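# Reading the structure
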Amino acid sequence: MTTIERFAIAGPALLHPKVHGDARGHFFEAFRQDMFQRHVDPAVAFVQDNQSLSRPVGTVRGLHFQLEPRAQAKLVRVLRGSILDVAVDIRPSSPTFGQHVAVTLSAENRAQLYVPAGFAHGFCTLEPDTEVFYKTSDYYSPEHDRGLAWNDPALGIDWPVAETAATLSDRDRKHPRLADLAL
């Protein structure tokens, strides 16, 4: 059975699947909708799977989110390499608005981070050629797609890469800070 860790911020969860190993290798259930709805979030059904490859260490992707009515929950895991995975609470009425959770996800630890709708999500690669796989609860919608500045000092995220050394897309370099975010 998968074990589930909760955070001081309501919503996100860290899932640790039970791994069955022997001389051949290992097996684990990466996802079960019934378990997920019973123990993590009964309202979420995933409809899209995404996968990314980031070649350099220090690649930052994010912080991304979609606006209502197309907001996405995500379930993130690493297939190869490792990342610092971050979820920032951007729910305007939340008592933890602007706060974040950060965890290390790796192919080795097999942990998965559940990022509910209402959170901006991003990660930084810790190893070269890192592959990230994630499920989303709604389809990608360019007109609802938004971002939050990954390096906004108000967020207090302790990224494992200096701003000058981070590899980002041009789009991710231009996201607004939390104080300027239009939700």
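Data block above holds the structure.
Parameters and conventions
- Residues numbered from 1 in each chain as written.
- Predicted model: local features only at pLDDT ≥ 70, side-chain atom pairs only at ≥ 80, totals over all residues.
- Heavy atoms only, no water.
- Core = buried A, V, L, I, M, F, W, Y, C linked by side-chain atoms within 4.5 Å.
- Buried < 20%, exposed > 50% of the residue type's maximum accessible area, 1.4 Å probe, protein only.
- Helix = DSSP H or I, 4+ residues; strand = E, 2+ residues; numbered from the N terminus.
- Salt bridge = Lys/Arg side-chain N within 4 Å of Asp/Glu carboxyl O.
- 1 Å grid on protein atoms, 1.4 Å probe; cavity = no way out; pocket = protein on both sides within 12 Å on 5 of 7 lines; lining within 4 Å.
- Points joined across faces, edges and corners; volume = space filled by probe spheres on them.
- Nonpolar A, V, L, I, M, F, W, Y, C, P; charged D, E, K, R; others polar.
- Pairing = 2+ DSSP bridges.
- Axes fitted to C-alpha atoms, helices over the stretch in contact; angles between N-to-C directions.
- Phe/Tyr/Trp six-rings, centres within 6.5 Å; stacked < 30°, edge-to-face > 60°.
- Lys NZ or Arg CZ within 6 Å of the ring centre and 35° of its normal.

### Section: the nonpolar core
- Formed by 20 residues in total, the largest nonpolar core has its most connected members in Leu63, Val88, Ile90, Leu148, Trp150 and Trp159.
- Among the secondary structure elements, those contributing two or more residues to this core are β6 (60-66), β8 (82-89) and β11 (119-125).
- If you look at the next biggest cluster of nonpolar residues, it comprises 16 residues, including Ile9, Leu14, Leu105 and Phe123.

### Examining the pattern of salt bridges
- Counting across every chain of the model gives ten salt bridges.
- Of the charged contacts in the structure, one is a salt bridge between Glu131 and Arg80, with a shortest N-O distance of 2.9 Å. Placement of the pair is Glu131 in strand β12 (residues 130-136) and Arg80 in strand β7 (residues 74-80), with a sequence separation of 51 residues.
- For Arg80, a relative accessible area of 39% gives the class partly exposed.
- A salt bridge links Asp145 to Arg171; the shortest N-O distance between them is 2.7 Å. On the criterion of sequence distance, the pair formed by Asp145 in strand β13 (residues 145-147) and Arg171 in helix α2 (residues 170-173) is long-range, its members being 26 residues apart.
- Exposure remark for Asp145: the relative accessible area of 17% places this residue in the buried category.
- Salt bridges sharing common partners tie together Glu29, Arg32 and Asp34.

### A look at the layout of surface pockets
- The space that makes up the largest pocket amounts to roughly 360 Å³.
- Only β5 (48-54), β6, β11, β12 and α2 provide two or more residues apiece to the lining of the largest pocket.
- Residue contributions to the lining of the largest pocket peak at six residues, all from β6.
- Residue classes in the lining of the largest pocket are distributed as six nonpolar, 13 polar and five charged.
- Approximately 250 Å³ is the volume found for the second largest pocket.

### A short note on the sheet that holds β6
- Taking strand neighbours across the sheet as the criterion, the five strands line up as β9-β8-β11-β6-β13 in an open arrangement whose pairing is antiparallel. Two strands lie at the open edges of the sheet, namely β9 (100-106) and β13, each paired on one side alone. Averaged over all pairs of adjacent strands, the angle between their axes in this sheet comes to 25°, without regard to strand direction.
- Alignment of β6 against β11, held across three bridges, turns out to be antiparallel. When the sheet's bridge partners are listed, Val60 is paired in β11 with Cys124.

### Remarks on the packing of aromatic side chains
- The tally for this structure, following the rule as stated, stands at five aromatic pairs.
- Measuring from ring centre to ring centre gives 5.8 Å for Phe31 and Phe36, while their planes differ by 45°; the resulting arrangement is tilted.
- For Phe31, a relative accessible area of 27% translates into the label partly exposed.
- Three or more aromatic residues link up through ring pairs in this structure, and these residues are Phe31, Phe36, Phe46 and Tyr114.
- The ring of Phe31 carries the charged tip of Lys135 above its face, separated from the ring centre by 5.1 Å.

### Quick word on empty space enclosed by the protein
- Tallied over the full model, the rule gives one cavity of 30 Å³ or more.
- Within this model, the largest cavity holds a volume of roughly 50 Å³.
- What lines the largest cavity is His64, Phe65, Gln66, Ala71, Gln72, Lys74, Val115, Ala117, Gly118, Phe119 and His121.
- For the lining of the largest cavity, the elements supplying multiple residues, two or more each, are β6 and β11.
- For the lining of the largest cavity, the leading source of residues is β6, giving three residues.
- A class-by-class count of the residues in the lining of the largest cavity yields five nonpolar, five polar and one charged.

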